[in-house]
Amino acid sequence: MRLKFQVVGGCWVAHWLVNGCKKCLLWFGYAGVVVIYAGFFYLLFSGQSTAPIHWFFLVSPWLCIYFGLPSEQQQSVVRWFFKKFK
């Protein structure tokens, strides 16, 4: 099921808001991958404990990236996961 927004009267705001939120999720996800994984690998290779970084912090930027993608690419990612892990 795919939602479509028509630009009628004031409805363009909903379209703009959805696209803006998706772009923000995508960019925060990219920044999160760089910052969180840089810190994780720094701790890992310096011999310090990686225990302070909970597993959810390593997954959360990827969730932001996933939900920031257009719906067609989200469906492609789901199909890829099912094919990869089947």
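For the structure itself, look to the data block above.
These notes cover the structure that comes with them.

**Observations concerning the layout of surface pockets**
Considering only enclosed or pocket space, the second largest pocket measures out at about 170 Å³ in volume. Every residue lining the second largest pocket is listed: Val-59, Trp-62, Leu-63, Ile-65, Tyr-66, Leu-69, Val-77, Val-78 and Phe-81. Top element by residues in the lining of the second largest pocket is helix 2 (residues 55–68). It accounts for five residues. Here the residues of the lining of the second largest pocket sort into nine nonpolar, no polar and no charged.

**Describing a nonpolar patch on the surface**
Judged by side-chain polarity, Leu-25, Trp-55, Phe-56, Phe-57, Val-59, Leu-63 and Phe-67 come together as a nonpolar surface patch covering roughly 680 Å² of accessible area. At six residues, the largest contribution of residues to the nonpolar patch is made by helix 2. With respect to the helices, strands and loops of the structure, Leu-25 is situated in helix 1 (residues 12–45).

**Some thoughts on the side chain of Gln-74**
By the secondary structure assignment, Gln-74 is in helix 3 (residues 71–84). Assessed through its relative accessible area of 14%, Gln-74 is described here as buried. For Gln-74, the side chain forms a polar contact with the main-chain oxygen of Tyr-66, separated by 3.0 Å. If near-sequence neighbours (up to four positions away) are discounted, Gln-74 is found in contact with Lys-22, Tyr-66, Phe-67 and Leu-69.

Thresholds applied
- Residues numbered from 1 in each chain as written.
- Predicted model: local features only at pLDDT ≥ 70, side-chain atom pairs only at ≥ 80, totals over all residues.
- Heavy atoms only, no water.
- 1 Å grid on protein atoms, 1.4 Å probe; cavity = no way out; pocket = protein on both sides within 12 Å on 5 of 7 lines; lining within 4 Å.
- Points joined across faces, edges and corners; volume = space filled by probe spheres on them.
- Helix = DSSP H or I, 4+ residues; strand = E, 2+ residues; numbered from the N terminus.
- Nonpolar A, V, L, I, M, F, W, Y, C, P; charged D, E, K, R; others polar.
- Patch = residues over 30% accessible without salt bridge, like charges linked within 9 Å, V, L, I, M, F, W, Y side chains within 5 Å.
- Areas by Shrake-Rupley, 256 points an atom, 1.4 Å probe, with all protein chains shown as cover.
- Salt bridge = Lys/Arg side-chain N within 4 Å of Asp/Glu carboxyl O.
- Buried < 20%, exposed > 50% of the residue type's maximum accessible area, 1.4 Å probe, protein only.
- Polar contact = N/O pair within 3.5 Å; in protein donor to acceptor, adjacent residues only side chain to side chain.
- Contact = heavy atoms within 4.5 Å.

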